[in-house]
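# Structural description and commentary
Here is what each chain is made of, one letter per residue.
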Protein chains: 2
Amino acid sequence: MFSKTCKYAINAMIYVASLPGGNERSGLKDISKAINSPEAFTAKILQQLVKSDLLHSMKGPNGGFYIHRDTHQIFLSEIVQAIDGDLIFTGCALGLEKCSEDHPCPVHHKFKAVRDHLTGMLMTTSLKDVADSVNVGSSFLKI
Amino acid sequence: MFSKTCKYAINAMIYVASLPGGNERSGLKDISKAINSPEAFTAKILQQLVKSDLLHSMKGPNGGFYIHRDTHQIFLSEIVQAIDGDLIFTGCALGLEKCSEDHPCPVHHKFKAVRDHLTGMLMTTSLKDVADSVNVGSSFLKI
DNA sequence: ATATTAAAGGATATTTTTGTCCTTTATAAA
DNA sequence: TTTATAAAGGACAAAAATATCCTTTAATAT
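Note that the structure is predicted; figures quoted are calculated from it, not measured. (Residues numbered from 1 in each chain as written. Chains lettered and ligands numbered in written order. Predicted model: local features only at pLDDT ≥ 70, side-chain atom pairs only at ≥ 80, totals over all residues. Heavy atoms only, no water.)

All right, on to the relation of the copies chain B and chain A then. Structural alignment of chain B on chain A gives an RMSD of 0.0 Å, achieved by rotating through 180° and translating 0.0 Å along the axis. Here the two chains are linked by the operation of a two-fold rotation axis. When each C-alpha of chain B is compared by its distance to the rotation axis, Met-1 of chain B comes out closest, at 2.1 Å. A symmetric contact is evident, with 100% of the interface residues of chain B recurring at the interface of chain A. (Least-squares fit on C-alpha atoms with pLDDT ≥ 70 in both. Contact = heavy atoms within 4.5 Å.)

Inspection of the region around DNA strand C gives 26 residues, with Thr-5, Pro-38 and Pro-61 of chain A together with Lys-44 and Ser-57 of chain B positioned closest. The sugar and phosphate moieties of DNA strand C supply 63% of its atoms located within 4 Å of the protein. Between DNA strand C and Tyr-8 of chain A, the relevant distance is 3.3 Å, taken from a phosphate oxygen to a side-chain nitrogen or oxygen of the residue. Note that a sugar or linking oxygen of DNA strand C is positioned 3.1 Å from one of the backbone N or O atoms of Gly-60 of chain B. Here the element with the most residues in the surface near DNA strand C is helix α3 (residues 39–51) of chain B; it accounts for four residues. The residue inventory of the surface near DNA strand C, partitioned by class, reads 11 nonpolar, nine polar and six charged. (Near = heavy atom within 4 Å. Polar contact = N/O pair within 3.5 Å; in protein donor to acceptor, adjacent residues only side chain to side chain. Helix = DSSP H or I, 4+ residues; strand = E, 2+ residues; numbered from the N terminus. Nonpolar A, V, L, I, M, F, W, Y, C, P; charged D, E, K, R; others polar.)

Right, let's talk about the environment of Met-123 of chain B for a bit. All names here are of chain B. When you line up the elements, Met-123 lands in helix α6 (residues 108–124). The spacing of Met-123 and Ser-77 is 46 residues in sequence and 5.1 Å in space, taken between C-alpha atoms. Ignoring anything within four residues of it in the chain, the contact list for Met-123 reads Phe-75 and Ser-77.

Attention shifts here to the protein's contact with DNA strand D. Around DNA strand D sit 25 residues in total, of which Gly-27, Lys-44 and Ser-57 of chain A together with Thr-5 and Pro-38 of chain B are the nearest. Each atom of DNA strand D within 4 Å of the protein was classed as base or backbone; sugar and phosphate made up 64%. Thr-5 of chain B places a polar side-chain atom, nitrogen or oxygen, 2.9 Å from a phosphate oxygen of DNA strand D. Considered class by class, the residues forming the surface near DNA strand D number 10 nonpolar, nine polar and six charged.

We now examine the packing of aromatic side chains. Going through the model one piece at a time under the given rule, you end up with four aromatic pairs over all chains. Their ring planes at 45° and their centres at 6.3 Å tell us that Phe-2 of chain A and Phe-111 of chain B sit as a pair that is tilted. Taken together, the residues Phe-2 of chain A in the segment before α1 (4–17) and Phe-111 of chain B in helix α6 connect one chain to another. Given a relative accessible area of 7%, Phe-2 of chain A falls into the buried group. Under the relative-accessibility criterion, Phe-111 of chain B is labelled buried at 5%. (Phe/Tyr/Trp six-rings, centres within 6.5 Å; stacked < 30°, edge-to-face > 60°. Buried < 20%, exposed > 50% of the residue type's maximum accessible area, 1.4 Å probe, protein only.)

Let's shift gears to the side chain of Ser-133 of chain A. All names here are of chain A. For Ser-133, the position within the fold is in helix α7 (residues 127–135). Of the residues examined, Ser-133 reaches a relative accessible area of 15% and is grouped as buried. A polar atom in the side chain of Ser-133 sits 3.0 Å from the backbone oxygen of Val-130. Within the structure, the side chain of Ser-133 is placed 2.6 Å from the side chain of Ser-139, a separation counted as a polar contact.

As a further point, take the nonpolar core. In this structure, Phe-2, Ile-10, Leu-49, Ile-79 and Leu-127 of chain A are the most contacted members of the largest nonpolar core, which totals 46 residues. At 10 residues, the largest contribution of residues to this core is made by α1 of chain A. Excluding residues within four positions of it along the chain, Ile-79 of chain A makes contact with Ala-9, Ile-10, Met-13, Leu-49, Leu-54 and Leu-127 of chain A. Among the nonpolar cores identified, the runner-up in size contains 45 residues, and Cys-92 of chain A together with Leu-118, Leu-122 and Val-130 of chain B belong to it. (Core = buried A, V, L, I, M, F, W, Y, C linked by side-chain atoms within 4.5 Å.)

Bringing the side chain of Ser-18 of chain B into the picture now. Tracing the chain through its elements places Ser-18 of chain B in the loop between α1 (4–17) and α2 (28–35). Those residues in contact with Ser-18 of chain B that lie beyond four places of it in its chain are Ala-131, Val-134 and Asn-135 of chain B.

Attention now goes to helix α4 (residues 76–84) of chain A. Residue and element names in this part refer to chain A. Every buried residue of α4 is listed here: Leu-76, Ser-77, Ile-79, Val-80 and Ile-83. The buried residues of α4 occupy an angular sector of 160° when the element is viewed end-on, so they sit on one face. Turning to α4, the residues buried within the fold contact α1, α3 (39–51), α5 (87–90), α6 (108–124) and α7. Immediately downstream of α4, the backbone of Gly-85 shows phi near 75°, a positive value. (Arc of directions from axis to C-beta.)

See below:
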């Protein structure tokens, strides 16, 4: 569904969003430990998120990553889009180059319904929604 | 969503299912031409499908691949399962090893709804359904 | 029987994704 | 101002997915 990179990215964003204090910073080590991901690889992903303006960073002592925007206004779809692009939202299920309403692949219509469901879910689920559920202990970021 | 291998597999199965005459055989060349896939790679995929008993094959002159079972009773889910395994049906959206109703990841419940939708679609869409739509010209296997 | 055809199978190559390591740059604290 | 800290960036490595090539096996037709 999502690339491994994208899964790490979502996890990382949720973790940072779930930190108390809102704009508190969290370092690479903390993040990768919290989401159980390889540190160096996570660094690259965080860089991508910073470039996509989903995350912000500060170098030096007490530096780290933080979220600038209101987490209530950041939706999972933005993270997925930033990392995996929009093929998941628009691509043909069977990989056809030219697949559209006018020239549909054999599963186009049925698949579109599922994809719209997924897209809708991602576009309406905010980082705050999921971070809150982590904070109240009703969901988890790792084992 | 699906691996490229799986997409080729679905396309190939639909193509063979859409052949007139039902149990007619189609060769590797025809199939890979029809679905616009690399021939040698497609050969490997067809082998997998044969091993999974979704497809049957005959060597020698006039040999080729054909579908044994009633295409009305073969569902897309079986193809996906045979090639990509069942991670798409059961795996955690965020890649967590231990993700369940009791110990859900932050998107578990919302994602489950989407996944159930996908699963339901795949389990109820038969090869005959989609092959028919190709045959009447309302859907296409390539550009 | 022999030749031809087409799938099966094994080995290998290429590409993409995932992952690591090390140096450079920016920031802050001493 | 110097030192410590932590992200940024570049180069490289490993693993997995995708793809090719060539030989072997099975079936048919001559």
